[in-house]
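Structural characterization, general
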Amino acid sequence: MQGELLADLLRYRNVDAPHVVAHDYGGAVSLRAHLVHGARYASLALVDVVALRP
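Heads up: these notes are all about the structure in this document. (Residues numbered from 1 in each chain as written. Predicted model: local features only at pLDDT ≥ 70, side-chain atom pairs only at ≥ 80, totals over all residues. Heavy atoms only, no water.)

In a soluble, globular protein the nonpolar side chains are often hidden away together inside. Counting residues in hydrophobic clusters, the biggest one holds six residues: Ala 7, Leu 10, Val 20, Ala 33, Ala 39 and Tyr 41. If we skip the residues at most four places from it in the chain, Ala 33 touches Gly 3, Leu 6, Ala 7, Gly 38, Ala 39 and Tyr 41. (Core = buried A, V, L, I, M, F, W, Y, C linked by side-chain atoms within 4.5 Å. Buried < 20%, exposed > 50% of the residue type's maximum accessible area, 1.4 Å probe, protein only. Contact = heavy atoms within 4.5 Å.)

In structure tokens form, the structure reads like this:
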């Protein structure tokens, strides 16, 4: 749900391709927004993320 909300927020605010820095759980959210919901990023920096279950 959070990935969808992030993608919707970027569209609502007319943000075309932001630079995104994602940390911890935000890594999974930003990846899902991009890969599943079509969010576009100019760049994406993933820092100490939790993207997969152990």
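Tallying each qualifying case throughout the model produces two salt bridges. The closest approach of N and O atoms between Asp 8 and Arg 11, which form a salt bridge, is 2.8 Å. Here the residue Asp 8 and the residue Arg 11 both occupy positions in helix H1 (residues 2-12), the gap between them amounting to three residues, near one helical turn. Using a relative accessible area of 34% as the deciding quantity, one classes Asp 8 as partly exposed. A residue is classified by how much of its surface remains accessible, and Arg 11, at 48% relative accessible area, is partly exposed. For Asp 16, the salt bridge identified is with Arg 40, shortest N-O distance 3.6 Å. On the criterion of sequence distance, the pair formed by Asp 16 in the loop between H1 and strand S1 (19-24) and Arg 40 in the loop between helix H2 (26-35) and strand S2 (43-49) is long-range, its members being 24 residues apart. For the pair shown, Asp 16 and Arg 40 are each scored as exposed. (Salt bridge = Lys/Arg side-chain N within 4 Å of Asp/Glu carboxyl O. Helix = DSSP H or I, 4+ residues; strand = E, 2+ residues; numbered from the N terminus.)

Phi at Asp 24 is positive, roughly 55°, even though this residue is not glycine. For Asp 24, the position within the fold is in strand S1. Positive phi is not limited to glycine here, since Asp 48 has a value of about 50°. The topology assignment puts Asp 48 in strand S2. Overall, the relative accessible area of 62% leaves Asp 48 in the exposed class.

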